[in-house]
Amino acid sequence: MIEQIPRALVAEVMPSVGKRFFNAGISGDSLPHVIWRVGQYELQRLKPIYVWILAGTNDIGHHRRTAEEIVALHEALWVEVERQAPQAKIIVNCLLPRVKSADHPYREIISAVNSQLRERCARVGHLFLDVHERFMDAEGGLRIDLMPDELHVNEAGYRVLLTELSKMLANITGVEIA
């Protein structure tokens, strides 16, 4: 689930995916809302092969949740996706760096969430897409060219995300996605 990725960009970066890309993201959403919304969908009708989850940053900023709370909510989302689409392979995206300063308190929470998500994904067989470093500059700060407002990914940032997702899917399937 991805917020606000332009369909034309998906078609450009991942042409073989084309119209089969379903975007369920809503700007400003937090994990409890995503879980509720996924519960309202009929994912089994879509028969997804992959479900890509990019969620959790708003739980830090808007709701001040701890790393443990965010990871627990991710796991609840996985359960809902698995209930509705047991055939789908779940790809969990890391939380992106957010905030220019490398020593901002959010960075510690993001690091803890990513570490726990990576470990839990490995344990349950989900894939973890770690693009965190791609969004950081040489000094460990956020790349403003990809997230100019230090929170939202712009088109260049989505291009990075989609390119890395394409590489992961090509690795899994042996078929070029781009």
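Check the entry above for the structure.
Since we're looking at a predicted model, the values are computed, not measured.

A.B. asks: Lay out helix H6 (residues 105-124) with the relevant residues and their values.
C.D. replies: The end-to-end C-alpha separation of H6 is 29 Å, in line with the 28 Å expected for 20 residues at 1.5 Å each. Buried within H6 we find Tyr106, Arg107, Ile110, Val113, Asn114, Gln116, Leu117 and Cys121. Those residues of H6 that are buried lie in contact with helix H4 (57-61), helix H5 (67-84), strand E2 (89-93) and strand E3 (127-129). A positive phi of about 90° marks Gly125, the residue just after H6.

A.B. asks: Could you give an account of H5, with specific residues and numbers?
C.D. replies: Note on helix geometry: an α-helix contains 3.6 residues per turn, so any two residues three or four positions apart are oriented the same way. In this model H5 runs 26 Å from its N-terminal to its C-terminal C-alpha over 18 residues, within 8% of the 26 Å that 1.5 Å per residue would give. Those residues of H5 lying buried are Ala67, Ile70, Val71, Leu73, His74, Leu77, Trp78, Glu80, Val81 and Gln84.

A.B. asks: Before we move on, could you go through the environment of Ala88 and cite the residues and values that matter?
C.D. replies: Structurally, the position occupied by Ala88 is in the loop between H5 and E2. Sequence separation of Ala88 and Tyr158 is 70 residues, and the distance between their C-alpha atoms is 23 Å. With residues near it in sequence (within four places) discarded, Ala88 still touches Pro48, Ile49 and Val51.

A.B. asks: Summarise the packing of helix H2 (residues 31-40) against H5; cite the residues concerned and give the values.
C.D. replies: Running from N to C, H2 and H5 cross one another at 5°; their axes reach a closest spacing of 9 Å. It follows that H2 is roughly parallel to H5 by the angle criterion. For the pair formed by H2 and H5, the contact residues are Leu31, Pro32, Val34, Ile35, Val38 and Gly39 on the first element and Ile70, Leu73, His74, Ala76, Leu77, Glu80, Val81, Arg83 and Gln84 on the second. A class-by-class count of the residues in the contact of H2 with H5 yields 10 nonpolar, 3 polar and 2 charged.

Definitions and cut-offs
Residues numbered from 1 in each chain as written. Predicted model: local features only at pLDDT ≥ 70, side-chain atom pairs only at ≥ 80, totals over all residues. Heavy atoms only, no water. Helix = DSSP H or I, 4+ residues; strand = E, 2+ residues; numbered from the N terminus. Expected span 1.5 Å × (residues − 1). Buried < 20%, exposed > 50% of the residue type's maximum accessible area, 1.4 Å probe, protein only. Contact = heavy atoms within 4.5 Å. Axes fitted to C-alpha atoms, helices over the stretch in contact; angles between N-to-C directions. Parallel < 35°, antiparallel > 145°, perpendicular 65-115°, else oblique. Nonpolar A, V, L, I, M, F, W, Y, C, P; charged D, E, K, R; others polar.

Keep in mind these numbers describe shape, not what the thing actually does.
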